[in-house]
Amino acid sequence: MSPSIHHIAIVVRDLDAALSLYRDGLGLEMSDRRVVPEEGVEIAFLSAGEGEIELLRPLDAESGVARFLEKRGEGLHHICLAVEDVAEEMARLKEAGAQLLSEEPRVNPEGVRYAFVHPKSAHGVLLELYQVKGGRSPQAE
Ligand code: ZN
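Since we're looking at a predicted model, the values are computed, not measured. (Residues numbered from 1 in each chain as written. Predicted model: local features only at pLDDT ≥ 70, side-chain atom pairs only at ≥ 80, totals over all residues. Heavy atoms only, no water.)

A. Region of interest: the packing of aromatic side chains. One pass over the full model with this rule turns up one aromatic pair. Arranged with centres 6.1 Å apart and planes meeting at 90°, the rings of Tyr 114 and Phe 116 form a pair that is edge-to-face. Judged on exposure class, the residue Tyr 114 and its partner Phe 116 are both buried. (Phe/Tyr/Trp six-rings, centres within 6.5 Å; stacked < 30°, edge-to-face > 60°. Buried < 20%, exposed > 50% of the residue type's maximum accessible area, 1.4 Å probe, protein only.)

Next up, the structure:
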């Protein structure tokens, strides 16, 4: 399986205002909306064909997303690729000299492994790798 786009994440100041465009205006269906306390953000996921759009809003000024918003304003935050094996991709990228944000894969509360590649190594875009068996998004299963 080759990597596919899992989601594209956009930082917003006001989640409801963003939803009024992406959900109400464009008709994208919201599949999830929740607070992620460990990241200091509130997120909403919208289905867009095979992939999804993630809207994220910082909840506290200390979060990385809050610093991003303050420095660069609203906009593209990261692109996430679904991969079969995060650890394997990390090893391959490290071997090729890429800078990763963690040594080991991170694990979210649902038990899914993920990792980030530094924008310096991904030509200016923060890249997330998300482990999905068979390359399908959870919603597609
Ligand atoms: Zn993401």
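B. Region of interest: the coordination of the zinc ion. Looking at the metal site, the zinc ion is ligated by His 7 (NE2), Glu 54 (OE), His 78 (NE2) and Glu 128 (OE), spaced 2.0 to 2.6 Å from it. In this structure, the zinc ion is surrounded by four donor atoms whose angles at the metal cover 82 to 176°, and the resulting shape is irregular. For the zinc ion, the donor residues sit on a single chain with the sequence spacing H-x46-E-x23-H-x49-E. Here the residue Glu 54 occupies a position in strand S4 (residues 51-58), and Glu 128 occupies one in strand S8 (residues 126-131), the gap between them amounting to 74 residues. Comparing Glu 54 with Glu 128 shows no difference in burial state: the two are buried. (Donors = N, O, S within 2.8 Å, 3.2 Å for Na, K, Ca; no water. Tetrahedral: all angles 85-135°; square planar, octahedral: opposite > 155°, others 65-115°. Helix = DSSP H or I, 4+ residues; strand = E, 2+ residues; numbered from the N terminus.)

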